Amino acid sequence: MSRTDMSHNDELTQLTGGTALASDAWLDRYGDALMNTFGRPQRVLVRGEGCYVWDADGRRYLDMLGGLAVNALGHAHPLLVSAVTSQLATLGHVSNFFASPPQIALAERLLELLRPDVAGPASTARPADDVSDAAGRGTGPGTGRVFFTNSGTEANEAAFKIARRTGRTKVVAADGGFHGRTMGALAMTGKASIREPFEPLPGGVVHVPFADVDALRAAVDDETAAVVLEPVQGEAGVVPAPDGYLAAARQVTQEHGALLIIDEVQTGIGRVGHWFAHSADGVVPDVVTVAKGLGGGIPIGACIGLGEAADLLGPGSHGTTFGGNPVAAVAGLAVLHAIERDNLLDNVRTVGRHLADGVHALEHPLVDRVRGRGLLLGIGLTREVAPQVAAAALDAGIIVNPVNAGTIRLAPPLVLSTAQAEEFLAALPKVLDAVHATAEEADG
């Protein structure tokens, strides 16, 4: 049936999963209508509930990817649905010529969550005599301001512009880091294969090996505007920063008057069992970027300036049409409330350990080790067969991500239960056995 053969009501019914077309029919339409930036989709998903989704053919899958660490509360969470529906029925979009209570409340809440229990190191982003704004607000750790965006890459673009406002142009980033695909964020991304086709990019970015303190010290000097790092490099295969690395980065940036920008787009909002991954290191950054899980599926991001970095962007220096709109902001408030109310940080730590221990306990010849923290885990494989493992898992009703050839990434909803983790662990051996047997046969 072509699109012109159906009524608008029929189309809307199909779009909401009421009477779905078969997957092949939707995929044909997808190929004709969307740019081929992602290749052919693996499935057409029509609805979700909790940690499960259903495709257009009626098959159920355990979602161990959570929309790439986005669906913090799973699918169709009642609190999120209620909050967004109520806000949309009240006030949807107003532009940033006006403010809304949800926008202000969410900014305050994020700043509260970032406030250290004890005072951390002071920022050196601005001259020593510039210590407060016109309202007399202090600029030490625990104070700050938020710029709302629609995504993680936009949050990192804002961070890049904050760095430039220091009057310096050099930025030090890490090999393997991923900060987004817009031009500034892409310039900071440490993956040549996705950077080089779009060069020349904004200049002044130097990449150093991740987790190498000596290399970082050698690269940062008095001309450096900022160092940008992830606490866990998700796109590199879920590689956590070693103990002491972020603290060393904080020290070296202070020594040279540079900003420390921590990219928490994937790791923030409870993903690793803390509100923010860097907090476990006792580090107070100058800028933190978040997105993904903050909206629970509603697009939102935030660039958060702390201390003196909060004031580096002023009127006219940056902007956004949709960032911080009331619907996205109330979604963020609902997510933060649910995480706190339902003790999901504890759940992340408990279920994350259960998953990691369970995968290790399999002692499967295809599994090397498990990396990561909380519910951001990478199953390192002994062979570069991650795409085959992900395909076999999907056939078995499990969604995972082959983040690179040798690693399977898990980033399930923060509401994942121990029973659902056991469901995954029970299915995994058969998946691994099938791929391992095929690889062995190929080796002769």
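How each quantity is defined
Residues numbered from 1 in each chain as written. Predicted model: local features only at pLDDT ≥ 70, side-chain atom pairs only at ≥ 80, totals over all residues. Heavy atoms only, no water. Buried < 20%, exposed > 50% of the residue type's maximum accessible area, 1.4 Å probe, protein only. Helix = DSSP H or I, 4+ residues; strand = E, 2+ residues; numbered from the N terminus. Pairing = 2+ DSSP bridges. Axes fitted to C-alpha atoms, helices over the stretch in contact; angles between N-to-C directions. Parallel < 35°, antiparallel > 145°, perpendicular 65-115°, else oblique. Left-handed = near helix turned anticlockwise from the far one by under 90°. Contact = heavy atoms within 4.5 Å. Nonpolar A, V, L, I, M, F, W, Y, C, P; charged D, E, K, R; others polar. Salt bridge = Lys/Arg side-chain N within 4 Å of Asp/Glu carboxyl O.

Summarise the pairing of strand E11 (residues 287-290); cite the residues concerned and give the values.
Neither face of E11 is exposed, since Val-287 and Thr-289 on one face and Val-288 and Val-290 on the opposite face are all buried. Judged from the 4 bridges that link them, E11 and strand E12 (residues 301-306) form a sheet pairing that is antiparallel. Bridging from a neighbouring strand, Thr-289 pairs with Cys-303 of E12.

How would you summarise the packing of helix H12 (residues 344-362) against helix H14 (residues 418-443) if you had to cite specific residues and measurements?
Viewed as axis vectors pointing N to C, H12 and H14 meet at an angle of 20°, and their least axial separation amounts to 10 Å. Classed by the angle they form, the pair H12 and H14 counts as roughly parallel. Note that H12 runs across H14; the crossing there is right-handed. On H14, the residues that touch Val-351, His-354, Leu-355, Gly-358, Val-359 and Leu-362 of H12 are Thr-418, Ala-421, Glu-422, Phe-424, Leu-425, Leu-428 and Pro-429. Tallied by class, residues from the contact of H12 with H14 come to 9 nonpolar, 3 polar and 1 charged.

So, the pattern of salt bridges: which residues are in play, and what are the values?
Within this structure, the stated rule accounts for 13 salt bridges. As a salt-bridge pair, Glu-423 and Arg-60 come within 3.9 Å of each other at their nearest N and O atoms. With a gap of 363 residues between them, Glu-423 in helix H14 and Arg-60 in strand E3 (residues 60-63) connect regions that are remote in the sequence. The closest approach of N and O atoms between Arg-341 and Asp-342, which form a salt bridge, is 2.8 Å. The class of Arg-341 is partly exposed, set by a relative accessible area of 45%. Connected through shared salt-bridge partners, Arg-109, Glu-112 and Glu-340 make up one network.

How would you summarise the packing of helix H4 (residues 78-88) against helix H11 (residues 326-341) if you had to cite specific residues and measurements?
Axis separation between H4 and H11 bottoms out at 9 Å; the angle between their running directions is 155°. One way to sum up the angle between H4 and H11 is to call them roughly antiparallel. For H4 against H11, the interelement crossing comes out right-handed. The residues of H11 that touch H4, namely those facing Leu-79, Leu-80, Ala-83, Val-84, Gln-87 and Leu-88, are Pro-326, Val-327, Val-330, Ala-331, Ala-334, Val-335, His-337, Ala-338 and Arg-341. Classifying every residue of the contact of H4 with H11 gives 12 nonpolar, 2 polar and 1 charged.

Could you give me a rundown of the sheet that holds strand E4 (residues 144-149), with the residues and numbers involved?
Two orientations exist for strands paired in a sheet by backbone hydrogen bonds: parallel and antiparallel. Spatial strand order, E4-E12-E11-E10-E7-E5-E6: 7 strands in an open sheet with mixed pairing. Looking at the sheet topology across the chains shown, the edges are occupied by E4 and strand E6 (205-208). Neighbour-to-neighbour, the strand axes of the sheet open up by a mean angle of 20°, direction not taken into account. In terms of strand pairing, E4 meets E12 through 6 bridges, oriented antiparallel. Bridge pairing links Val-146 to Ile-304 in E12. Of the strands in this sheet, E4, strand E5 (170-174), E6, strand E7 (224-229), strand E10 (259-263), E11 and E12 are in contact with helix H6 (residues 152-164), which crosses E11 at around 165°. Contacts from helix H10 (residues 245-255) reach E7 and E10, with the element oriented near 150° to E10.

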